[in-house]
Each structure stands twice: as structure tokens, then as C-alpha cells.
Amino acid sequence: MIRTLIADDQEAVRRSVRRILDAQPDIEVVGEAADGQAALELAAELRPDVALVDIRMPRLDGLEVTRRLSGSVRVVVLTTFDLDEYVYPALRYGASGFLLKRSGPSLLAEAVRAAADGESLISPSVTVRLLRHVTAPRRPARPARPAPAVPLTERETEIAGQVAAGRTNADIAAELFISPGTVKTHVASIQRKLGVANRVGIAVHAWEMGYAIPQ
């Protein structure tokens, strides 16, 4: 079971997230916190595998909670706000995911599982905006990214292009008529070959190499 802590100052949100996660056969909600300081205290006491953390909370905000928990607990930031001032610091502080609260039940559960597996999942809309920022023209122009030492297979190239369009594993599986588990295996292989930490790294490579799937 993936032991999970929910930190959000709105009781209705905590109740909704708990209901979604409790319905999963492999996820257990072990605690809830209504503010950032309580989240840190509960994390120290309960030692969850994953913490779902809101950005705006009393006493201590989600960014500081993420910074302090990074290295001991996998943190997925779950927020209404996808502002750059939140996204970039959260990822820099070691967040294993960044989801919007409107992302939906399946993506929420997938993000928890990805974090527990040491992977990262970022809301598709946030991923696409990050890509626009990362791949925008710069002065001076960046040197070309070297090709991976082990080339991607045709299927891996196809999946990398889908990732660059901000699509989830479930979306890609439906599009390519394969299982989500097969997509996950391919994504892990792509990350190893490219030497990147998450889906954003895959997407950046796909855009730079010119095989991103148009949105």
C-alpha cells in the first residue's frame, strides 16, 4: 500500500481527495493536515510515502513544506493555481509532481503511484506551458542537444511525441491501443536512455528533435 498524507486547508478538498484515493486498491490515506506546519508534524509522525500538498495554506505554505519534506517524503503539489511563481519553485524544491485540482481522479491516483515509484507526473496543461518556456528562442541560441547514447525505438519515439503534447499514460494507451502499464514501461525506458528525471525532460527532447505530436 502507498501510504499517503493530504495537506489542504479546505476540508471539502481533503474529503474529496480522500474519497478518490481510498477507492484505489493500492493507496491508503494515513492522515490529513489543515495547514503546513501540521503537515510537517504529521509527516514526521506517520512517515507517509507520498504527501499531497496544497500551495496556499496557513502557518506554512506548500512550497516551504515541499522544500522541507524533499528527500524524506515524495511530494505531489496539488493546487488550483498553475502560476509560474508556484510551478518552478515547487519543481526546484524537489516536488515529484504538480497537479491542478481539476485534473480528475485518474490523474490524481496516477500521480501518487508515479511519486511512490520515484517518477514524476505534471498536469498536461502545466507541462505544455513549461515546454513553451524551455523551448522558446534564447540569446544566444543553445547548442543542439546530443542524441542519446542508446537510440529510442520507433515506439518510444512515438510515445515521447505524445508526452510532449501533454498526454497522460491513459491517453497514450487509448491512442496507441496498448495498456497503460506498457506505456509506463516505455516512458521509464525513454527516461533512462535520455538521462532525464521526468516527463518534462522527455517532452523537451521531443520538441527539440522535432517529433512532438501537434496539440
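Scroll up to find the structure this text is about.
Calculation criteria
Sequence order sets the numbering: in each chain, residues are counted from 1 along the sequence as written. Local features are withheld for residues below a pLDDT of 70 in this predicted model, meaning they are given only at 70 or higher, and side-chain atom pairs are given and counted only at 80 or more; totals for whole chains, interfaces and linings count all residues. Only hydrogens and water are set aside when side-chain values are computed; all heavy atoms of the structure are taken into account. What counts as a salt bridge is simple: a side-chain nitrogen of Lys or Arg found within 4 Å of a carboxyl oxygen of Asp or Glu. For the purposes of this entry, the term helix denotes a DSSP run of H or I that reaches at least four residues, the term strand denotes a run of E that reaches at least two, and both are numbered from the N terminus. Burial classes: relative accessible area under 20% of the type maximum marks a residue as buried, over 50% as exposed, and values in between as partly exposed (1.4 Å probe, protein chains only). The set of buried Ala, Val, Leu, Ile, Met, Phe, Trp, Tyr and Cys residues whose side-chain atoms join them within 4.5 Å is what this entry labels a nonpolar core. Residue contacts are defined here by distance: any two heavy atoms, one from each residue, within 4.5 Å place the two residues in contact.

### Points about unusual backbone geometry
Even without glycine at this site, Arg-47 takes up a positive phi of about 50°. At Arg-59, a position not held by glycine, the phi torsion is positive, near 70°.

### Looking at the pattern of salt bridges
For the coordinates displayed, the defined rule picks out 13 salt bridges. With its nearest N and O atoms 3.7 Å apart, the salt bridge here joins Arg-18 to Asp-22. Of this pair, Arg-18 and Asp-22 both sit in helix H1 (residues 11–22), four residues apart, which is roughly one turn of the helix. Among the residues examined, Asp-22 registers a relative accessible area of 41% and is labelled partly exposed. Here Glu-64 ties to Arg-68 by a salt bridge, and the two come within 2.8 Å at their closest N and O atoms. Of this pair, Glu-64 and Arg-68 are both found in helix H3 (residues 62–69), four residues apart, which corresponds to roughly one turn of the helix. You can call Arg-68 partly exposed: its relative accessible area is 44%. Through salt bridges with shared partners, a single ionic network connects Arg-14, Arg-18, Asp-22 and Glu-32.

### Brief notes about the environment of Met-209
Along the chain, Met-209 turns up in helix H10 (residues 199–209). Residue class for Met-209 comes out partly exposed when judged on its relative accessible area of 41%. Residues Met-209 and Gly-161, 48 residues apart in the sequence, show an inter-C-alpha distance of 9.7 Å.

### Some thoughts on the nonpolar core
In terms of nonpolar packing, the biggest core is built from 26 residues, with Val-53, Val-65, Leu-69, Val-77 and Phe-98 touching the most fellow members. At the level of elements, strand E1 (2–7), helix H2 (36–46), strand E3 (50–53), H3, strand E4 (74–79), helix H4 (84–92) and strand E5 (97–100) are the ones that each hand at least two residues to this core. For this core, the leading source of residues is H2, giving five residues. If we ignore the near neighbours within four places in the chain, the residues touching Val-77 are Val-53, Ile-55, Thr-66, Ala-90, Ala-95, Gly-97, Phe-98 and Leu-99.

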